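# Structural description and commentary
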Amino acid sequence: MNPSTPPVAFLAPGHTSKADPSDVRRNNRALIFGLLFPATELSRAQIGRRTGLSRVAVSDVVGSMLDEGLIREGGLAHNPGKGKRGTLLGIDTQRLHIVSIDLSQSRFIQGAVTDLLGTILYRSELALGAEDTIAIDDIEQLAAQLMDHTDHVIGIGVAAPGVIVDGMVRRSTALGWHDVDLRTPLEQRFAVPVSVDNDSTSGMLAERFFGQGGPNLMFVWFRRGIGTSALINDVPVVGENHAGGEIGHISIDPEGPPCPCGKHGCLERLISTPVLEARMREHPESRQTILEQAGVHLANALAMPVGLLDITDICVYGPPDIVNSDFINAAQRYLDQTTASSFHAQTRIRRCEIGNDIAIRGESTAVLRDYLAR
């Protein structure tokens, strides 16, 4: 990251209460961390100039962050003059750890211990039964395995498909869950804070910080179902009911197949990974046509929010045999036809290049976000 890059709004402070010194200190800590995350190094003097904080305030907050294990001291800053060179500060990847669990895949759940940058230090997975269902006990079992292989854990993160509100999965057609509390049983058993996030949001965070995504991004997720997350000026858009991005349950064809959500012809019933894989197995000779039609369906669902939000970057994550050039090119052609104008730059649709650990790495960032807010 360029040293002139502004702090990451997602990790930077929100409103500050002047009446509560702890709020000021917490916000200053998040502000400084956001300047350094994920890979910037700055001296104390540079931090002061970038943030407008006093020398005393920077020294105080930096000292506590060093003691806490959030940041570490490195080399010396470049100084074109004759003055003393300041010590550079960066993210500490040695002391604090995160446990991150991914519920978005079929047939198994996977998890890992990561550092603060989402680098995987230890991984484990748990195979599911023939019915491919997930129980709380399964998640606890995997979390216990991971917790046994690390220390200094600042939190556990779970990436799950569905509508997530305050640690509870309100509705997930992919998991068959309704009002399932994930946070409470995990916090009670392991005595560390637990974050629960929508899987597409986790994927978007990974793309933003460890991929090619910028502060304005629409991220599309193909795994058990279809989800979308939007990032505007580095702030995730979650919606009034925390259901922002649930395009999988937009009805594209009201006369189409029934969906577990109660409607017919939902996008998830037309182009989700299991649906497309089954269709291509049945008609292998029509593979290209099936994928091109799926790309058009996706672009049709995205055209309106692209125009509404003026998004120019759409990143699609999914299996390479589905999210391939046939799919992407068809989606791009349709989106160009429906959104191109003299006042809207072309929106590029591209394939996400982060691998299968995308949800784990993104969820580790979500845990870090919640840790800084506490």
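Analysis parameters
Residues numbered from 1 in each chain as written. Predicted model: local features only at pLDDT ≥ 70, side-chain atom pairs only at ≥ 80, totals over all residues. Heavy atoms only, no water. Helix = DSSP H or I, 4+ residues; strand = E, 2+ residues; numbered from the N terminus. Rg over C-alpha atoms; globule rule 2.2 N^0.38 Å. Contact = heavy atoms within 4.5 Å. Areas by Shrake-Rupley, 256 points an atom, 1.4 Å probe, with all protein chains shown as cover. Core = buried A, V, L, I, M, F, W, Y, C linked by side-chain atoms within 4.5 Å. Buried < 20%, exposed > 50% of the residue type's maximum accessible area, 1.4 Å probe, protein only. Phe/Tyr/Trp six-rings, centres within 6.5 Å; stacked < 30°, edge-to-face > 60°. Lys NZ or Arg CZ within 6 Å of the ring centre and 35° of its normal. Pairing = 2+ DSSP bridges. Axes fitted to C-alpha atoms, helices over the stretch in contact; angles between N-to-C directions. pLDDT = per-residue confidence, 0-100.

## Notes on the overall build of the protein
Within the protein one finds eleven helices and 16 strands. Taken against the 2.2 N^0.38 rule, which gives 21 Å for 374 residues, the C-alpha radius of gyration of the protein at 22 Å falls within 12% of a compact globule. Projected onto the principal axes, the alpha-carbon positions of the protein cover approximately 70 × 55 × 40 Å. Of the contacts formed within the protein by residues at least 6 apart in sequence, a portion of 62% connects residues at least 24 apart. A total accessible area of about 17,100 Å² is found for the protein, and carbon and sulfur atoms account for 50% of it.

## Regarding the nonpolar core
By size, the foremost hydrophobic cluster in this structure holds 43 residues, and its most contacted members are F33, L70, I71 and L368. Every element with two or more residues in this core is listed here: α1 (21-36), α3 (55-68), β3 (87-91), β7 (153-160), α6 (199-210), β12 (217-222), β15 (313-317) and α11 (358-373).

## Concerning the packing of aromatic side chains
One pass over the full model with this rule turns up six aromatic pairs. Taking 5.2 Å as the distance between ring centres and 75° as the angle between the ring planes, the aromatic pair formed by F37 and F209 counts as edge-to-face. You can see F37 sitting in the loop between α1 and β1 (42-43) and its partner F209 sitting in helix α6, a full 172 residues away along the chain. Each member of the pair F37 and F209 is classed as buried. On the basis of an interplanar angle of 20° and a centroid distance of 5.1 Å, the ring pair of W221 and Y317 is categorised as stacked. Residue W221 is located in strand β12, and its partner Y317 is located in strand β15; the two are separated by 96 residues in the primary sequence. Through successive ring pairs, a cluster of aromatic residues spans F33, F37, F209 and F210. Its guanidinium or amino end placed over the ring of F210, R361 lies 4.2 Å from that ring's centre, counting from NZ or CZ.

## Considering the sheet that holds β15
An order of β14-β13-β12-β15-β16 is seen for the five strands of this open sheet, with the pairing classed as mixed. Each edge of the open sheet carries a strand with a single partner, namely β14 (235-237) and β16 (348-351). In this sheet, neighbouring strand axes are inclined to one another by 25° on average, regardless of whether the strands run parallel or antiparallel. Summarising the sheet, β15 and β16 pair through four bridges and their orientation is parallel. Across the sheet, I314 pairs through a bridge with I349, a residue of β16.

## A look at the confidence of the model for the protein
For the protein, the mean per-residue pLDDT works out to 91, and 93% of the residues sit at or above 70. Ignoring residues within four places in sequence, the model shows residues 13-17, a span with pLDDT below 50, making nine contacts including any to other chains.

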